[in-house]
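Each chain is listed here by its residues.
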Amino acid sequence: MTTVKTGESGIAGRILVVGGYGAVGEVVTATLAGWFPGRVLPGGRDGARARRGGGVRVDVTDADGFGQVLDGLGDVAVVVLCVEPPDSGIARTCLERGIHVVDIGATPRLLDAVAALHDTAVNAGATAVLSVGVAPGLTNLLARRAHEAVGGAARLDLTVLLGSGERHGADAVRWTVEHLADPVTARPRRTPLPGHGTRTAHPFPFSDQHTLPGTLGVPQVTTRLCLDSRPLTATLFALRRTGLLRAARRPRVQRLLTGAFRGVHLGGDAFAIRADATRDDRHAARALTGRGQSRVTGLVAAYVTRDLLTGGPPPGVHHIEQLPALADLPDTLAAEHGITLHSLDGDPDGAADR
Ligand SMILES: NC(=O)c1ccc[n+]([C@@H]2O[C@H](COP(=O)([O-])OP(=O)(O)OC[C@H]3O[C@@H](n4cnc5c(N)ncnc54)[C@H](OP(=O)(O)O)[C@@H]3O)[C@@H](O)[C@H]2O)c1
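Rules used in this analysis
Residues numbered from 1 in each chain as written. Predicted model: local features only at pLDDT ≥ 70, side-chain atom pairs only at ≥ 80, totals over all residues. Heavy atoms only, no water. Phe/Tyr/Trp six-rings, centres within 6.5 Å; stacked < 30°, edge-to-face > 60°. Lys NZ or Arg CZ within 6 Å of the ring centre and 35° of its normal. Near = heavy atom within 4 Å. Polar contact = N/O pair within 3.5 Å; in protein donor to acceptor, adjacent residues only side chain to side chain. Areas by Shrake-Rupley, 256 points an atom, 1.4 Å probe, with all protein chains shown as cover. Helix = DSSP H or I, 4+ residues; strand = E, 2+ residues; numbered from the N terminus. Nonpolar A, V, L, I, M, F, W, Y, C, P; charged D, E, K, R; others polar. Domains from an automatic or database assignment. Axes fitted to C-alpha atoms, helices over the stretch in contact; angles between N-to-C directions. Parallel < 35°, antiparallel > 145°, perpendicular 65-115°, else oblique. Left-handed = near helix turned anticlockwise from the far one by under 90°. Contact = heavy atoms within 4.5 Å. Salt bridge = Lys/Arg side-chain N within 4 Å of Asp/Glu carboxyl O. Buried < 20%, exposed > 50% of the residue type's maximum accessible area, 1.4 Å probe, protein only.

(A) Summary view of the packing of aromatic side chains. Per the stated rule, a full pass over the model turns up five aromatic pairs. Through a chain of ring-to-ring contacts, three or more aromatic side chains come together here, namely W175, F204, F206 and F237. The ring of W35 has R306 sitting right over it, with the charged end atom 4.2 Å from the ring centre.

Below is the structure:
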């Protein structure tokens, strides 16, 4: 692995990876430690575990305490958020101090709250990059490619297939369970996914569909989810239709369901994402397939952080698809980390609802 030499052209200072020993965070920590030796600190609520990795105890539900940790460390250049805080307090705490932020969160309300800190970031000379990961993240980048291929899409349909055999982290499963209770506003759609056949995917509130109308100017964007296991997908979304999963809003039910879902390992660890853009009779689709969505999410966060530290994006709050330097990230991951890219232009099977 290449060690990035800093102090010559890059930004000096340490990197605090919050959630740095979780499913996504451990990949971020390990990848960045390879590039920036001696500069990466994993953080989490388990102080002993964090310190074993050379890190610190932090809690994202306590923004004041988080600020004190940053002040005590004194030389943190960037905070990578690999766990979802309850509000924008942690991002504000970082940006006000001129500390950059990389956020892998996927909740529209929270991303909007951080985006509202744009002027705070500009004034402090700090940058926050949002929509970092697989979905949101790579879905946003593929959406941009498909959108450009049709000369500006009137509509984008994003499809995410997740491996139900992968050991997803507790916080990622909690997020999915919580959003099973959200109201459904679009119809399911059958979409061919390379290597997985044609799948029925169901509307799901990933933040990319919320962000892309603003960043790309596409009026209609819908993201849908399926699992690699067809029976599990059918069961899950049949249950959602009954309304029973609305109980997942209650913390106790949410904890029970999160535990139950984490115990299910019916499929494998392959994942796929696809972006279909349509405008009049034009259609373009871009897809990406790989293994281990937590691993790939962590890699995306590590590459974004490296770009930040080596003088990439301007101050302010940006979504990943707004940063030209990150447009080639899918190609980099394909060349270096075994994911596969697919261009499916003119594939009519993906173009229409059925
Ligand atoms: N953008 C994407 O494509 C994408 C993909 C996957 C996941 N995600 C998001 O990434 C997040 C992490 O997922 P994951 O699978 O890595 O979950 P995970 O394995 O549960 O990791 C969460 C980590 O955060 C720490 N943590 C939990 N609560 C904390 C708090 N209050 N303060 C500080 N640290 C805390 C945990 O350690 P302690 O419990 O010891 O504190 C753990 O290290 C989730 O929010 C998920 O939605 C995004």
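(B) Just the site of the ligand, in detail. Near the ligand you find 28 residues, and of these Y21, A23, R45, V134 and D171 are the closest. Here D59 contributes a side-chain N or O atom positioned 2.9 Å from a nitrogen atom of the ligand. Compared with its free state, where it exposes 920 Å², the ligand has 88% of that area covered by protein. Among the secondary structure elements, those contributing two or more residues to the shell around the ligand are α7 (134-149), α8 (170-179) and α12 (293-309). Counting residues per element, the shell around the ligand draws most heavily on α8, at four residues. For the shell around the ligand, the class distribution of residues is 15 nonpolar, eight polar and five charged. Both domain 1 (14-134 + 295-333) and domain 2 (135-292 + 338-350) contribute no fewer than three residues apiece to the shell around the ligand.

(C) The packing of α7 against helix α9 (residues 208-216), seen in detail. Remark: α7 packs on α9, axes separated minimally by 10 Å, with the N-to-C direction vectors making an angle of 40°. When the interaxial angle is binned, α7 and α9 end up oblique. Relative to α9, the crossing made by α7 is right-handed. The segment α7 lies against α9, with A135, P136, T139, N140, A143, R144 and H147 engaging D208, L212 and L216. Here the contact of α7 with α9 is composed, by residue class, of five nonpolar, three polar and two charged.

(D) Summary view of the pattern of salt bridges. According to the stated counting rule, one finds eleven salt bridges in the structure shown. Here D276 and R189 are joined by a salt bridge, their closest N and O atoms 3.6 Å apart. Taken together, the residues span a long stretch of sequence, with D276 in strand β11 (residues 270-279) and R189 in strand β8 (residues 189-193) at a distance of 87 residues. The same class applies to D276 as to R189, namely buried. R291 serves as the salt-bridge partner of D269, at 2.9 Å between the closest nitrogen and oxygen. Taken together, the positions of D269 in the loop between α11 (251-262) and β11 and R291 in strand β12 (residues 282-291) put the pair 22 residues apart, joining distant regions of the chain. It is possible to trace a salt-bridge network through shared partners that takes in R155, D157, R189, R224, R274 and D276.

Honestly, that's just the spatial picture; any functional story needs more than this.
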